[in-house]
Amino acid sequence: MELHNNSNTCTSFDISRGSSVVQDKLSKSRGVGNKSVDFDDNLLHAENPRLIYINDPRGTNYKYEFTGNEIRTSKYTLITFLPKNLFIQFHRVAYLYFLAIAALNQLPPLAVFGRTVSLFPLLFVLCISAIKDGYEDWRRHRSDRNENNREALVLQLGEFQMKKWKKIRAGEVVKIHADETIPCDMVLLGTSDPSGLAYIQSMNLDGESNLKTRYARQETASSVFEGCNVSGLVRCEQPNRNIYEFTANMEFNGQKFPLSQSNIVLRGCQLKNTNWIIGVVVYAGQETKAMLNSAVSPLKRSKLESYMNRETLWLSVFLLVMCSVVALGMGLWLHSHEEELDTLPYYRKRYLTKGKENEKTYRYYGIPMETFFSFLSSIIVFQIMIPISLYITMELVRLGQSYFMIEDKHMYDRSSDSRFQCRSLNINEDLGQVRYVFSDKTGTLTENKMEFRKASVYGNNYESSDLTDDSLLDHNIRAAAVIRSRWKLKSEISVDSKLMDLLHKDLAGDERIAAHEFFLTLSACNTVIPIVSHVTSCHGRSESLEDVEAIDYQGESPDEQALVSAASAYGYTLFERTSGHIVIDINGNKLRLDVLGLHEFDSVRKRMSVVIRFPNNTVKVLVKGADTSMFSILARDTERDDQIRGATESHLTEYSSEGLRTLVVAARDLADAELEQWQCRYEDASTSLIDRAAKLRQTAALVECNLNLLGATAIEDKLQDGVPEAIEALRQAGIRVWVLTGDKQETAISIGLSCKLLTADMQQIIINGNSEEECGNLLADAKIRHGVQSANKKKQNLKRKKNSENGYLEIPDDAKSSNVPQLRVGKEESAVCAPLALIIDGNSLVYILEKDLESELFDIATSCRVVLCCRVAPLQKAGIVDLIKSRTDNMTLAIGDGANDVSMIQMADVGVGICGQEGRQAVMASDFAMGQFRFLKRLLLVHGHWNYQRVGYLVLYNFYRNAVFVLMLFWYILCTAFSTTSALTDWSSVFYSVIYTSVPTIVVGILDKDLSHRTLLKYPKLYGAGHRHEAYNLQLFWITMIDTLWQSLVLFYIPFFTYKESSIDIWSMGSLWTIAVVVLVNIHLAMDIQRWVFITHAAVWGSIIITYACMVVLDSIPIFPNYRLVSPQRI
């Protein structure tokens, strides 16, 4: 995740507004950012605002009939199910092919099989899919019905009465009690808390379990709390799917004030730690943000399945050739026997019997038409050359593979109690062909459990130490510890004794004041919610029991929680927050601060600020943010300021080199004139319905300037267990791992070294450009220095395929040095033959991805073993993935844990979500989900390899199985005057793919293993089989087809010549050929099986026994239609 995202709100803002963020940066770089700060447009110029009259649904819906609150997530109704479901299913071209075959077989001249029998395969497949789709949609209907019939309290005739959710309308006032679910999107009017504060949990909406604060405006909260009837007007934006923004204002009791995302509660959220809330409905039903965001993830198709379609096309050509041979042979045979047709039983032109049919024509349409009918009849006879059963078989095999992946105990994470999840069944085999892995850092490679480690305060460095040794504590520190013991934090935090000493000395020096304001900023500049509870704790050796107030911080960002907890450990405990003020316990003294305004973190400013008023009416602005955005707005009035700044920058470099996450902290006093100007602009900007975010950024710039540097923080985010080993194994397997992170460059490099992504022998190419021209020059210089040659896409793809076995992705054995040599482009150094690592920042990517420099970046990046992208926005992450995906045929995999990884996960061929600390948005958007990054090693090297080998063999075997059967029929037709008659009964032809040979194929596709999991993990290079397409390729396909050619000849002619002069009838020969082909293909399968278990034996040999049994049943019992077909005909 991004480094300085102090809330997931801003993180997800990046997702929904990613393109605008990039364009904002571009505009800023071109000097367009300094536009007027005149905000007079407001609502008068807003485009078509929605008007909501509070407690007046009739007036609200009088002019515009807004949608009701009834929702519908189902696809079908009883009337539309059949046509709509068939329309969706027939998007598969193969289904259209079999529909055409079945239709042709209904025509009398072409009725090769029984009309009912010819429909059976297609109807079977369609019915299975329809039953599955119908059951899933029935469950949706049931869920919708239960949801719509839930009840909530709605204000009617002056009192709250129960009303079904589906009947709630926009404009109505709704009351929700604790732990109830919000039925629609509502603007808060009041809560059980007199200050208007409410807590909600949005897990059902965005997957995040942390509590979030929502506020009712004081103007409405007091009226609702006093029990008055409320009325007013809400002007808001039209319904949209951005759940992290809400732009509106309200007119109430003659006042007009702004409404924002903190004033609205959304459908699907739950009310927590609040007795009740009252709100007015602004969006209902399908117009709620939850329903607008309910679109499913983009459908991904397996790459192997796309290759299979190519081979299906070749089979179609092969089929047409065979049919043409039969038709041509038929035409030639009829022409040579034209004079004998009257005497032949089948082709005679006239009836020879006397009666009403005397002299009438009989089943003869002339040579041209007979030739044409023969061609069509051949298509019907050879129809299973294109295996319709393959689609159902692949679905069942993938389902079985997913079951064993889910049940793999080696991919179960005990810490989060999460098992592996298969959220998509279409791309199991793609896991065995991944060439590029794009990984987030925070929460994916690291634990995302932040711990405060170091701080730079007023130019001095402080590190955490353990306070358990009483010998290290003087009197002042002991006193502070006693005071601090009143608050019991969820986890113990070690502190620096010198810094603690400084904070508790009665000094009035600049350093003491800076330290005080430093921790005051950490405890005040955030959106963290303190939750206080009373517990009994044991203190001292006397084991006396004492009541202690335990405090737990709920925040939308682990960074903020760590900083606020650290401030509490040093004696600055935030324990109360409302919409208008916060209360901080400073060493036992309560300090109430009025919050005049809050500018939340966004990806453009990369900082957060809060304007607060002290009890003595002093007003300060407290700011924290990324160093790149903070140092440019600091004051440099004195030499001492420059010294502090230099020392802080040095400390930041040191922290980053250790892999710590850093923030810069600053503050300043606001004069009355500045405050008045800011308040005026802030009110105008916050009530605007047009470009509110941009106007708030411009307003923040009024106070976020000339700041006094207080210091910097360093937070540790430890690597997850097994990450270095997993990355090393992936690299040895020929997989390139790219890291895309929001952290600063030094931090990313440090983490790269610790996780073995960067190795000692790599040369680093660092691209940090501030303009399009500079980026272009840096890229061109890098290509020249390192001999990177440009080529067209086809040549690049061919070269990568040929070099897939060359080992350039492996970790060198001679890596001995511990220092990584860095090569900054522009220095005169001779090129060396060493592996390259590209480090590029987000600012450079703005110019590169939006301009004509993509090909240059692609050339360099694909020549490097490692790519590290720092300070990147979510949209840029997706852009990097698309850079590889669109220019190569290589399989891409993206893995992340948070909201700003969603676009990257959905862009990649395979998306993997981590069940992390930043919610479940990544999991919900992913194809697969797991608890730890290290499980990726087993997922790809073991299950990916197995799945690819199984499905690849499955497809080839299905082609082989059907081709042998069809070619056997082809040889028979050549021996029967090209008449397209069949020696096999109709049901034998149908059951061949459905019953006789299907079960062994499914069992082998699920259970077969060419190598054990221990071998695959021990030798990662074995994964390269997927890169080389060893299990499935065009060459194997043609070898398989040649194999079927000679096997079918042997299969047909040995029985034919053996029984040629015997009295055996043709149907008995057909039964013999059927049994022979079933035995042949099952023995062929048995010869290829790598791992035999009981169920494999039962499936393979049992299918042969079942074939014998079915033949006896079909041919011997009079009630079956085949009994009538058995007649004494000689060959």
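Please read all numbers here as calculations on a predicted model, not as lab measurements.

Analysis parameters
- The residue numbering used here restarts from 1 in each chain and proceeds along that chain's sequence as written.
- Note on the predicted model: pLDDT of at least 70 is required for a residue's local features to be given, and 80 or more for side-chain atom pairs to be given and counted; whole-chain, interface and lining totals, by contrast, use all residues.
- Side-chain numbers come from the whole structure's heavy atoms, not from hydrogens or water.
- For the exposure calls, accessible area comes from a 1.4 Å probe over protein chains only, and a residue counts as buried if that area is under 20% of its type's maximum, exposed if over 50%, partly exposed in between.
- Secondary structure elements are taken from DSSP: a helix is a run of H or I of four residues or more, a strand is a run of E of two residues or more, and numbering for both begins at the N terminus.
- Two strands pair if DSSP finds at least two bridges between them.
- Side-chain rings of Phe, Tyr and Trp, where Trp is taken by its six-membered ring, are said to pair if the distance between their centres is within 6.5 Å; with planes under 30 degrees apart they count as stacked, over 60 as edge-to-face, and otherwise as tilted.
- Comment: the charge-over-ring label is applied if NZ (Lys) or CZ (Arg) is within 6 Å of the ring centre and within 35 degrees of the ring normal.
- Lines fitted to C-alpha atoms define the axes, with helix axes restricted to the stretch in contact, and inter-axis angles between N-to-C directions lie between 0 and 180 degrees.
- A patch consists of residues exposed above 30% relative accessible area that lack any salt bridge, with like charges linked at up to 9 Å and nonpolar side chains (Val, Leu, Ile, Met, Phe, Trp, Tyr) linked at up to 5 Å.
- Areas reported here follow the Shrake-Rupley algorithm with a probe of radius 1.4 Å; residue values treat only the protein chains shown as occluding.
- Put simply, a salt bridge is a Lys or Arg side-chain nitrogen that is within 4 Å of an Asp or Glu carboxyl oxygen.
- Here a crossing is called left-handed whenever its near helix is offset anticlockwise from the far helix by less than a right angle, and right-handed whenever the offset is clockwise.
- Pairs of residues are marked as contacts when any of their non-hydrogen atoms sit within 4.5 Å.
- Amino acids are sorted into nonpolar (Ala, Val, Leu, Ile, Met, Phe, Trp, Tyr, Cys and Pro), charged (Asp, Glu, Lys and Arg) and polar (every other residue, Gly among them).

Enquirer: Help me understand the pairing of strand S16 (residues 451-457), please; the structure alone is not making it clear to me.
Expert: Every other side chain in a regular strand lies on the same face of the sheet, so the side chains alternate between the two faces. Counting buried positions over the 7 residues of S16 gives 5, a clear majority of the element. Two strands pair when backbone bridges link them, and S16 and strand S27 (residues 708-716) are joined in this way by 6 bridges, in the antiparallel orientation. Paired with Val457 across the bridge in S27 is Gly711. Pairing analysis gives 4 bridges linking S16 to strand S17 (residues 460-463), with the strands arranged antiparallel. Its bridge partner lying in S17, Val457 is registered against Asn460.

Enquirer: What exactly am I supposed to notice about the packing of aromatic side chains here?
Expert: Two measures describe an aromatic ring pair: the distance that separates the ring centres and the angle between the ring planes. One pass over the full model with this rule turns up 30 aromatic pairs. Look at Tyr76 and Phe81: their rings are 5.0 Å apart centre to centre, the planes differ by 85 degrees, and that puts the pair in the edge-to-face class. On the numbers, 6.2 Å between centres and 25 degrees between planes, the contact of Tyr135 with Trp138 is stacked. Taken as a pair, Tyr135 and Trp138 lie in helix H6 (residues 115-148) at a separation of 3 residues, close to a single helical turn. A residue is classified by how much of its surface remains accessible, and Tyr135, at 48% relative accessible area, is partly exposed. A relative accessible area of 44% means that Trp138 is categorised as partly exposed. Taken together, the aromatic side chains of Tyr972, Phe1052, Tyr1053, Phe1056, Phe1057 and Trp1073 make up a single cluster linked through ring pairs. Directly above the ring of Phe66 sits Arg50, whose terminal nitrogen or CZ lies 3.9 Å from the centroid.

Enquirer: Sorry, what's going on with the sheet that holds strand S6 (residues 197-201) here?
Expert: Working definition: the strands of a sheet are paired by backbone hydrogen bonds and lie parallel or antiparallel to each other. Spatially, S7-S6-S12 is the arrangement adopted by the 3 strands of the open sheet, whose pairing is antiparallel. Looking at strand neighbours, the two that pair on one side only are strand S7 (211-215) and strand S12 (270-272), the edges of this open sheet. On average, each strand axis in the sheet is tilted by 45 degrees relative to the strand beside it, whichever way the strands run. Where S6 meets S12, 3 bridges bridge the pair, whose relative direction is antiparallel. Among the inter-strand pairings, Gln201 is bridged to a residue of S12, identified as Gln270.

Enquirer: I would appreciate a short explanation of a nonpolar patch on the surface in the present structure.
Expert: On the surface, a cluster of nonpolar side chains totalling about 600 Å² of accessible area is made up of Leu313, Trp314, Val317, Val321, Val325, Leu1034 and Trp1038. Of all elements in the fold, only helix H10 (303-336) and helix H35 (1034-1058) reach the threshold of two or more residues within the nonpolar patch. The dominant element in the nonpolar patch, judged by the number of residues it contributes, is H10, at 5 residues. Position of Leu1034 among the secondary structure elements: in helix H35. Looking at Leu1034, the relative accessible area reads 31%, which means it is partly exposed.

Enquirer: Please clarify how the packing of helix H23 (residues 772-785) against helix H26 (residues 854-863) should be interpreted in this entry.
Expert: A pair of packed helices can be characterised by two numbers: the angle between their axes and the separation between those axes. At a closest axis distance of 10 Å, the pairing of H23 and H26 adopts a crossing angle of 40 degrees. Note that H23 runs across H26; the crossing there is left-handed. Note on element contacts: H26 touches H23 through Glu856, Leu857, Asp859 and Ile860, opposite Leu779, Ala782 and Lys783. In the contact of H23 with H26, the residues fall into 4 nonpolar, no polar and 3 charged.

Enquirer: I would appreciate a short explanation of the sheet that holds strand S23 (residues 589-599) in the present structure.
Expert: As summarised here, the arrangement of the 9 strands in space is S17-S16-S27-S26-S25-S24-S23-S22-S21, forming an open sheet in which the pairing is antiparallel. Only two strands of the sheet have a single partner each, and these edge strands are S17 and strand S21 (572-577). Averaged over all neighbouring strand pairs, the angle between strand axes comes to 30 degrees, with direction disregarded. Sheet topology places S21 next to strand S22 (residues 581-586); 5 bridges connect them, and they run antiparallel. Paired with Tyr572 across the strands is Ile586, a residue of S22.

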